[in-house]
Amino acid sequence: MFFISRIVIFVVNIGSILYLLKIGNAIIIKITCITIIINIITHFFRWMRRIAGDYFPLYEEAQRLDTMLAIHGGTQGIHTMGADQFQKFIEVHTYCFPAGLMLQMTSMMFSGIPELFPDLRLGWMEAGCGWVPYWMQRMDEEYEMRGEVEAPVLKRPPSEYLRDGRWYFHTESDERMLPQAISEVGEGQITYASDFPHWDSSYPDNIDAILTRDDLSTEVKRKVLGENARALYGLR
């Protein structure tokens, strides 16, 4: 099952999207983080037992068609991340978005997706970018200790794959860790997101907030506010 909104397809079921991917590279896929995590972790366990992964055809077609995939944070399926014990929405909303992306990235990284699909572009959405440097270091540490045995598909530390220019991260305009994230990931992989028309969006004020920052160069601002997004979505 799927829903189309302009050039965005909201995926509910993986089977229905594989045919649609064949119609051309104007398609953009947006997958809610919880939906893809539940299915993809199961698929990775199956894949390690030498059974074809459910999502590999999606990655293969997206790569072939030069179409980006967006991994989007969310609060659906909170029981899958232990968030069902929270009593308030503020707790769920704070926790689930970055935790969901960390969960998804860990699964995709150590299953070898960036090695198997080196030209696949991924956008990590709705949790900012401040968490990324920490998670890069965390994955590198685990890879150094156990990668040869438990992540044999990877040929390099995870942080090197993230710096290859194929995985992009959205930023909030007021993130204090934005300069550090740019330094670790690269100035070509951080994108502005308006979050319009969500209830917590500060658009259009968040554009001015980036333009008036004194810790970013004019060149970096230009990339964050436009060029990087065009590269992610293939709108060059």
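Residues numbered from 1 in each chain as written. Predicted model: local features only at pLDDT ≥ 70, side-chain atom pairs only at ≥ 80, totals over all residues. Heavy atoms only, no water.

## Points about the overall build of the protein chain
Within the protein chain, the secondary structure is distributed over 10 helices and seven strands. Buried positions account for 46% of the 236 residues belonging to the protein chain. Of the contacts made within the protein chain by residues no fewer than 6 positions apart, 63% connect residues no fewer than 24 positions apart. A total of about 12,400 Å² of accessible surface is found on the protein chain, and carbon and sulfur atoms cover 54% of it. (Helix = DSSP H or I, 4+ residues; strand = E, 2+ residues; numbered from the N terminus. Buried < 20%, exposed > 50% of the residue type's maximum accessible area, 1.4 Å probe, protein only. Contact = heavy atoms within 4.5 Å. Areas by Shrake-Rupley, 256 points an atom, 1.4 Å probe, with all protein chains shown as cover.)

## A closer look at the packing of aromatic side chains
What the rule picks out here adds up to five aromatic pairs. Geometrically, the ring pair formed by Phe 86 and Tyr 95 is edge-to-face, given 5.6 Å between the ring centres and 70° between the ring planes. The partly exposed category is assigned to Phe 86, whose relative accessible area is 32%. Its guanidinium or amino end placed over the ring of Tyr 161, Arg 156 lies 4.3 Å from that ring's centre, counting from NZ or CZ. (Phe/Tyr/Trp six-rings, centres within 6.5 Å; stacked < 30°, edge-to-face > 60°. Lys NZ or Arg CZ within 6 Å of the ring centre and 35° of its normal.)

## Some thoughts on the nonpolar core
Grouped burial of nonpolar side chains is what soluble globular proteins tend to show. Core analysis: the largest hydrophobic core is formed by 42 residues, its most contacted members being Tyr 59, Met 105, Trp 124, Trp 131, Leu 162 and Phe 169. Counting residues per element, this core draws most heavily on helix H4 (residues 89-110), at six residues. Counting six residues, the second-largest nonpolar core is a separate cluster that includes Met 68, Ala 70, Met 125 and Leu 232. (Core = buried A, V, L, I, M, F, W, Y, C linked by side-chain atoms within 4.5 Å.)

## Describing the pattern of salt bridges
Note that side chains of opposite charge can pair when their charged atoms are close. Tallying each qualifying case throughout the model produces 10 salt bridges. Across the pair Arg 156 and Glu 160 runs a salt bridge whose closest N-O atoms are separated by 3.9 Å. The partly exposed category is assigned to Arg 156, whose relative accessible area is 28%. The residue Arg 213 makes a salt bridge to Asp 215 at a minimum N-O spacing of 2.8 Å. Residue classification places Arg 213 among the buried positions, given a relative accessible area of 13%. What you see here is one network of salt bridges that share partners, running through Glu 187, Glu 219, Arg 222, Lys 223 and Glu 227. (Salt bridge = Lys/Arg side-chain N within 4 Å of Asp/Glu carboxyl O.)

## Topic: the confidence of the model for the protein chain
Within the protein chain, residue pLDDT values average 77, and 73% of them lie at 70 or more. Per-element confidence in the protein chain is highest for helix H7 (residues 158-162), whose mean pLDDT is 98, and lowest for helix H2 (residues 33-48), whose mean pLDDT is 34. Counted against residues more than four places away or in other chains, residues 1-7, with its pLDDT under 50, gives 18 contacts. In the predicted structure, residues 23-52 sits below a pLDDT of 50 and forms 83 contacts with residues beyond four places in sequence or in another chain. (pLDDT = per-residue confidence, 0-100.)

## Some details on the packing of helix H6 (residues 132-150) against helix H8 (residues 178-185)
Packing of H6 against H8 brings their axes to within 8 Å, and their N-to-C directions diverge by 40°. In terms of orientation, H6 lies oblique with respect to H8. Contact residues: H6 offers Val 132, Pro 133 and Met 136, while H8 offers Gln 180, Ala 181, Glu 184 and Val 185. (Axes fitted to C-alpha atoms, helices over the stretch in contact; angles between N-to-C directions. Parallel < 35°, antiparallel > 145°, perpendicular 65-115°, else oblique.)

## Some points on the side chain of Arg 213
Following the sequence through the fold, Arg 213 ends up in the loop between helix H9 (205-211) and helix H10 (218-232). A polar side-chain atom of Arg 213 sits 2.9 Å from the main-chain carbonyl oxygen of Ser 173. At 2.8 Å, the side chain of Arg 213 forms a polar contact with the side chain of Asp 215. (Polar contact = N/O pair within 3.5 Å; in protein donor to acceptor, adjacent residues only side chain to side chain.)

## Considering the pairing of strand E4 (residues 69-72)
Side chains Leu 69 and Ile 71 project from E4 onto one buried face, and the interleaved Ala 70 and His 72 project onto a second face that is buried too. Relative to strand E5 (residues 122-125), E4 is paired through four bridges, and the arrangement is parallel. Bridge pairing links Ala 70 to Gly 123 in E5. (Pairing = 2+ DSSP bridges.)

## Observations regarding H10
Helix length check: H10 (15 residues) gives 20 Å between terminal C-alpha atoms against 21 Å at 1.5 Å per residue, within 8%. Along H10, the helix axis deviates most sharply at Val 224, where the bend reaches about 50°. Taken as a whole, H10 has its buried residues at Val 220, Lys 221, Lys 223, Val 224, Gly 226, Asn 228, Ala 231 and Leu 232. A positive phi of about 70° marks Gly 234, the residue just after H10. (Expected span 1.5 Å × (residues − 1). Bend = angle between axes of the 7 residues up to and from the residue.)

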